[in-house]
Amino acid sequence: MALISKFVSEISASAGLAKKNRYWVVFSSPRVLQNIGYTSEELNRIIIMCDSIDIPGVTIRTSSSVSYVESREIPYKTDYDAIQATFYVDGNMLVKAFFDDWIKHIQNAKTRNFNYYDDYICPKMYILVEDLNDNVRYEVSLNEVYPKTVGKIGMGYANNDIMTLSVTLQYKNWSSRQILLGKEYVPGEVSDDNVNMFDGNFSLDNLVNDWNTQQEGYELMMAEDYLRNLDNVSPLEPVIPIK
């Protein structure tokens with residue numbers, strides 16, 4: 001009983017247990033999709049359709065090294081495995097068209113030539129994990145993201161289920177950070193002087209618009225840029241459902 005009480009006490013002190021359905025996904029359009037006319041409003045609608053996504057893992061590759069008969073595994077490479085995301089498909093098929101256009105702009109279907117890498121990558125994608133009080137407690141930042149696979153969709157007259165699209169996302173690498181309770185969250189930086197970007201003075205529309213207009217040179221807007229715009233930001237719209 002003492003062990004159970006201690007377990008319950010530790011869970012309470014740790015703000016409970018994390019839930020898999022408390023997350024946001026935020027990303028910007030690659031250059032090729034902006035050039036063909038996808039708007040930030042359309043990107044917003046696509047983002048909120050993200051039904052599930054993996055938090056990425058990492059694998060250290062090793063090789064066996066033998067010295068004086070003893071064998072040990074020596075690391076030689078870090079691998080970042082692709083992640084899986086699932087999106088609800090809207091009635092206008094915007095979600096499907098977006099990922100179709102994205103992956104077909106990686107390689108030219110007629111010439112078979114691959115396009116410029118910097119044109120088809122999304123510079124950054126954020127996966128934000130919230131606690132039960134809607135505070136961002138963990139941030140994963142994926143760099144240089146693009147779709148590796150756009151999955152097939154099975155159709156059938158007897159199937160009345162909601163259509164979903166599975167997308168495998170490849171990326172260069174990822175980083176993460178924990179946002180401690182009492183610390184205010186700003187994308188890319190945490191400081192006692194920073195303003196909480198996810199309170200009532202923040203909107204997803206503003207974040208996506210800022211990222212899309214600040215992509216020249218693929219440098220995303222940092223905390224100082226956000227802070228300068230806070231006075232003009234509209235209240236948070238309920239665009240991302242709390243699951």
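Rules used throughout
- Residues numbered from 1 in each chain as written.
- Predicted model: local features only at pLDDT ≥ 70, side-chain atom pairs only at ≥ 80, totals over all residues.
- Heavy atoms only, no water.
- Axes fitted to C-alpha atoms, helices over the stretch in contact; angles between N-to-C directions.
- Helix = DSSP H or I, 4+ residues; strand = E, 2+ residues; numbered from the N terminus.
- Parallel < 35°, antiparallel > 145°, perpendicular 65-115°, else oblique.
- Contact = heavy atoms within 4.5 Å.
- Nonpolar A, V, L, I, M, F, W, Y, C, P; charged D, E, K, R; others polar.
- Pairing = 2+ DSSP bridges.
- Phe/Tyr/Trp six-rings, centres within 6.5 Å; stacked < 30°, edge-to-face > 60°.
- Buried < 20%, exposed > 50% of the residue type's maximum accessible area, 1.4 Å probe, protein only.
- Polar contact = N/O pair within 3.5 Å; in protein donor to acceptor, adjacent residues only side chain to side chain.
- Salt bridge = Lys/Arg side-chain N within 4 Å of Asp/Glu carboxyl O.
- Core = buried A, V, L, I, M, F, W, Y, C linked by side-chain atoms within 4.5 Å.
- pLDDT = per-residue confidence, 0-100.
- Arc of directions from axis to C-beta.

Attention shifts here to the packing of helix 3 (residues 40–47) against helix 4 (residues 94–104). Between helix 3 and helix 4, the least distance of the axes is 10 Å, while the angle of their chain directions is 105°. The angle between the axes of helix 3 and helix 4 places the two elements in the roughly perpendicular class. Contact with helix 3, carried on its side by Glu42, Leu43, Arg45 and Ile46, involves Leu94, Val95, Phe98 and Phe99 of helix 4 and no other residues of that element. Residues of the contact of helix 3 with helix 4, tallied by class, amount to six nonpolar, no polar and two charged.

Before going further, it helps to examine the pairing of strand 4 (residues 70–79). Pairing analysis gives nine bridges linking strand 3 (residues 59–67) to strand 4, with the strands arranged antiparallel. Residue pairing across strands places Thr62 opposite Pro75, the latter belonging to strand 4. Taking the residues between adjacent antiparallel strands as the criterion, strand 3 and strand 4 are bridged by two residues, where Tyr68 takes a positive phi near 55°.

According to the stated counting rule, one finds 10 aromatic pairs in the structure shown. Taken together, a centroid distance of 5.8 Å and an interplanar angle of 75° make the contact between Phe98 and Trp102 edge-to-face. One end of the pair is Phe98 and the other is Trp102, both in helix 4 and four residues apart, which spans about a single turn. Residue classification places Phe98 among the buried positions, given a relative accessible area of 1%. The rings of Phe27, Tyr38, Phe87, Phe98, Phe99 and Trp102 are connected pair by pair, giving a single aromatic cluster.

Relative to the assigned elements, Glu139 resides in strand 7 (residues 136–150). A polar side-chain atom of Glu139 sits 2.9 Å from a polar atom in the side chain of Arg177.

Under the criterion given, the structure shown has eight salt bridges. For Arg61, the salt bridge identified is with Asp79, shortest N-O distance 2.4 Å. Linking Arg61 in strand 3 with Asp79 in strand 4, this pair joins segments that are 18 residues apart in sequence. A salt bridge links Lys77 to Asp79, with the shortest nitrogen-to-oxygen separation between them at 3.4 Å. Among the residues examined, Asp79 registers a relative accessible area of 14% and is labelled buried. Within this structure, Arg61, Lys77 and Asp79 form a network of salt bridges that share partners.

Structurally, Trp24 is set in strand 1 (residues 23–27). Relative accessible area serves as the criterion here: at 7%, Trp24 is assigned to the buried category. A C-alpha to C-alpha distance of 6.6 Å links Trp24 and Val129, two positions 105 residues apart in sequence. Side chain to side chain, Trp24 and Glu130 meet in a polar contact 2.5 Å long.

What follows deals with the nonpolar core. If you look at the biggest cluster of nonpolar residues, it comprises 34 residues, and the most contacted ones within it are Phe27, Ile53, Phe98, Phe99 and Leu142. Examining the composition of this core, we find that five residues originate from one element, helix 4, more than from any other. Aside from chain neighbours lying at most four places away, what touches Ile53 is Tyr23, Val25, Ile83, Gln84, Ala85, Met125 and Ile127. If you look at the next biggest cluster of nonpolar residues, it comprises six residues, including Trp24, Tyr126, Leu128 and Val136.

A separate point is the confidence of the model for the chain. Predicted confidence across the chain gives a mean pLDDT of 78, with 70% of residues reaching 70 or more. The model gives residues 189–208 a pLDDT under 50, and that stretch makes 60 contacts with residues more than four places away or in other chains. Scored below 50 in pLDDT, residues 210–243 shows 72 contacts in the model against residues more than four places distant or in partner chains.

A few words on unusual backbone geometry. One non-glycine residue, Asp134, lies in positive phi territory at about 65°. Note on placement: Asp134 falls in the loop between strand 6 (122–130) and strand 7. Using a relative accessible area of 38% as the deciding quantity, one classes Asp134 as partly exposed. The backbone phi angle of Glu144 is positive, close to 55°, even though this residue is not glycine. If you trace the backbone, Glu144 turns up in strand 7.

Moving on: helix 3. Taken together, the buried positions of helix 3 are Ser40, Leu43, Asn44, Ile46 and Ile47. Looking straight down helix 3, one finds that the buried residues subtend no more than 165° of arc, so they occupy a single side.

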